[in-house]
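# Structural features, examined
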Amino acid sequence: MTIGVAILGSTGSIGQSALDVVSRHSDRFHVVALSARNSVERIYEQCVRFSPQTVAMSDEAAAEVLDHRIRHAGLDIEVLSGEQGIKSIACGPAESIINGIVGAAGLQPVITAARSGKRQLLANKEPLVMLGEYIVHLAREHGSLLLPVDSEHNAIFQCLPRTGSLEKLGSPRITNEMGVRKILLTGSGGPLRTIDLDIMSEVTPEQAIAHPNWDMGKKISVDSATMMNKALELIEVCCLFGVSHKQVEIVIHPQSIIHSMVEYLDGSVIAQMGRPDMRIPIANALGWPERIESGVDAPVFSEIAGFDFTRPDPVRFPALRLAREVAERGGTAPTVMNAANEIAVDAFLDYKIRFDEIVNMVEVAVENASIDDQVDLERSLKADSEARAFCQSMLQKRSMTSQPS
């Protein structure tokens, strides 16, 4: 009997990597469902190859086009649409859900899958940033398990000692008995790590998405350039592993071979190393507690010139300071930070704001938000909506003032 897998965001980089891993283990896994936003051609090709039972498109017009192609080809695949279609997959027959949806759009499927007791492989940061403790509690309550696929969080997971039933904890929580002193969260520093600060305002979207090591989508690549990805990961680490932000140190490691480390009370530091390829953490989480083939070779250490580690420059990367302030503040502050960042990154990619204005817009949104100390789904969605509206208003005012008289 093979394990049924659903992949949300199957046409993105995470989804394609996940399908590559699954295809290597047809004796263990089979694809039950796929979802995408509007990439009809790519998901149709995936349907032909993997024959899922169900496919969902969040874009309803794209769903209609896909449904027509599916029926014309005589494929026995149900096509769903909209947010409800994605949620139907999350609570459907698949035992494991790989969530590769980018942004806050991945929140509702995570909650639905947690309530359905699914094993969830989380590649997207935003749900845990927005509602981390709430989601972990839901998972614990319903016997669901949250396993990290994000490379840094999966590395931390691999560096921790094996414990008992993780389902009882909801996620791989760090306990006092483990003897952990702190977590060292590594980041490459992105494509702008050494660029002159004086020309940061001139950075183009093309420069910002040109990551030297990782092949990622545009939004995540820009987050890497601002190190907002590390800001979001800091908050995610706290929620997923149950630690304070004060126990997390961020270190720049430009080679992207060491994906994170755990420091123990006896002075030992355990690091997880591997090539910068998302198939490694996907295979680790998909096969856990066993290890399975990922399709990626190990690094050849005789060919590596060396490992470099530096502290992030707080002037170059103000997102990291903001993240600690947001983590300390708690409540709905992380939701506001995430929502504002999504709007700011989109604005930058659309040439509406400069690169050096991205984090500034996020900080202004956090400073002007009404932060609620209590966090639940309703409060988080309200904070998310208000933060987006605030940023859109900022952009509108900027557009009006920049127009010629």
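To start, this report covers the structure provided alongside it. Every value quoted in this text rests on a predicted model; they were computed, and no experiment measured them. (Residues numbered from 1 in each chain as written. Predicted model: local features only at pLDDT ≥ 70, side-chain atom pairs only at ≥ 80, totals over all residues. Heavy atoms only, no water.)

## Digging into the overall build of the chain
For the chain, the helix and strand inventory stands at 15 helices and 11 strands. For a compact globule of 405 residues, the expected C-alpha radius of gyration is about 22 Å, and the chain comes in at 21 Å, within 12% of that figure. For the chain, long-range pairs separated by at least 24 residues make up 71% of all intrachain contacts whose partners lie at least 6 apart in sequence. For the chain, the computed accessible surface area is about 17,800 Å², with 48% contributed by carbon and sulfur atoms. (Helix = DSSP H or I, 4+ residues; strand = E, 2+ residues; numbered from the N terminus. Rg over C-alpha atoms; globule rule 2.2 N^0.38 Å. Contact = heavy atoms within 4.5 Å. Areas by Shrake-Rupley, 256 points an atom, 1.4 Å probe, with all protein chains shown as cover.)

## Some words on the sheet that holds strand 1 (residues 3-8)
The 7 strands lie next to each other as 4-3-2-1-5-6-7, forming an open sheet whose pairing is parallel. For this open sheet the edge positions go to strand 4 (78-81) and strand 7 (145-148), each flanked by a neighbour on one side alone. Going from strand to strand, the sheet's axes swing by 20 degrees on average, the running direction of each strand aside. (Pairing = 2+ DSSP bridges. Axes fitted to C-alpha atoms, helices over the stretch in contact; angles between N-to-C directions.)

## Thoughts on the pairing of strand 9 (residues 248-252)
With 4 of 5 residues buried, strand 9 lies mostly within the body of the structure. Where strand 8 (residues 180-187) lies against strand 9, 5 bridges are found, and the strand directions are parallel. Note that in strand 9 the partner of Ile-183 across the bridge is Val-248. (Buried < 20%, exposed > 50% of the residue type's maximum accessible area, 1.4 Å probe, protein only.)

## Focus on the packing of aromatic side chains
For the structure on display, the rule yields 2 aromatic pairs. Between the aromatic rings of Phe-157 and Trp-288, the centroid separation amounts to 5.9 Å while the plane-to-plane angle is 50 degrees, which identifies the pairing as tilted. Remark: Trp-288 occurs in the loop between helix 11 (279-287) and helix 12 (318-329) and Phe-157 occurs in helix 7 (residues 151-159); sequence separation between them is 131 residues. Each member of the pair, Phe-157 together with Trp-288, is buried. Relative to Phe-355, the ring of Phe-348 has its centre 5.6 Å away and its plane inclined at 70 degrees; by these criteria the two rings are edge-to-face. In this structure Phe-348 comes out as buried when scored by relative accessible area, which is 2%. (Phe/Tyr/Trp six-rings, centres within 6.5 Å; stacked < 30°, edge-to-face > 60°.)

## Topic: the environment of Glu-60
With respect to the helices and strands, Glu-60 occurs in helix 3 (residues 60-72). The exposed category is assigned to Glu-60, whose relative accessible area is 53%. For the pair Glu-60 and Glu-83, spaced 23 residues apart in the sequence, the C-alpha separation amounts to 9.5 Å. Dropping the residues within four chain positions of it, Glu-60 is found in contact with Ser-81 and Gly-82.

## Details of the pattern of salt bridges
With the rule as written, the count across this model stands at 26 salt bridges. Here Asp-150 makes a salt bridge to Lys-125, at a shortest N to O gap of 3.2 Å. Here Asp-150, found in the loop between strand 7 and helix 7, pairs with Lys-125, found in the loop between strand 6 (119-122) and helix 6 (126-142); they are 25 residues apart in sequence, far enough to count as distant. Of the residues examined, Asp-150 reaches a relative accessible area of 7% and is grouped as buried. Each of Lys-125, Asp-150, Glu-152, Lys-230 and Glu-233 takes part in salt bridges that share partners, so that together they form one network. (Salt bridge = Lys/Arg side-chain N within 4 Å of Asp/Glu carboxyl O.)

## Topic: the sheet that holds strand 11 (residues 269-273)
In spatial order, the strands read 9-8-10-11; together these 4 strands make up an open sheet with mixed pairing. Two strands in the sheet have a free side with no partner beyond their single neighbour: strand 9 and strand 11. On average, each strand axis in the sheet is tilted by 20 degrees relative to the strand beside it, whichever way the strands run. Pairing of strand 10 (residues 258-264) with strand 11 involves 5 bridges; the strand directions are antiparallel. Note that in strand 11 the partner of Met-261 across the bridge is Ala-271. Along the sheet, helix 10 (residues 228-241) contacts strand 8 and strand 9; its crossing angle with strand 8, the most-contacted strand, is approximately 155 degrees.

## Side note on the environment of Ala-90
Structurally, Ala-90 can be placed in helix 4 (residues 82-90). As a C-alpha pair, Ala-90 and Gln-120 span 30 residues in sequence and 9.5 Å in three-dimensional space. In contact with Ala-90, not counting residues within four places along its chain, are Ile-97, Pro-109, Thr-112, Ala-113, Ser-116 and Lys-118.

## What to know about the side chain of Asn-229
Relative to the helices and strands, Asn-229 is located in helix 10. Judged by relative accessible area, Asn-229 falls into the buried class, the value being 10%. Not counting the four nearest positions on each side in its chain, Asn-229 is found in contact with Lys-125, Asp-223 and Ser-224.

## As for empty space enclosed by the protein
Within the structure shown, the criterion is met by 1 cavity of 30 Å³ or more. Here the largest cavity is characterised by a volume of approximately 50 Å³. Taken together, 11 residues form the lining of the largest cavity, with Ser-151, His-259, Gln-272, Ile-280 and Pro-281 sitting closest to its centre. Secondary structure elements with two or more residues in the lining of the largest cavity: helix 7 and helix 11. Residue composition of the lining of the largest cavity, grouped by class: 4 nonpolar, 5 polar and 2 charged. (1 Å grid on protein atoms, 1.4 Å probe; cavity = no way out; pocket = protein on both sides within 12 Å on 5 of 7 lines; lining within 4 Å. Points joined across faces, edges and corners; volume = space filled by probe spheres on them. Nonpolar A, V, L, I, M, F, W, Y, C, P; charged D, E, K, R; others polar.)

## Observations regarding a nonpolar patch on the surface
Taken together, the side chains of Met-273, Phe-301, Phe-307 and Phe-309 make up a nonpolar region of the molecular surface, amounting to roughly 360 Å² of accessible area. The topology assignment puts Phe-309 in the loop between helix 11 and helix 12. The partly exposed category is assigned to Phe-309, whose relative accessible area is 38%. (Patch = residues over 30% accessible without salt bridge, like charges linked within 9 Å, V, L, I, M, F, W, Y side chains within 5 Å.)

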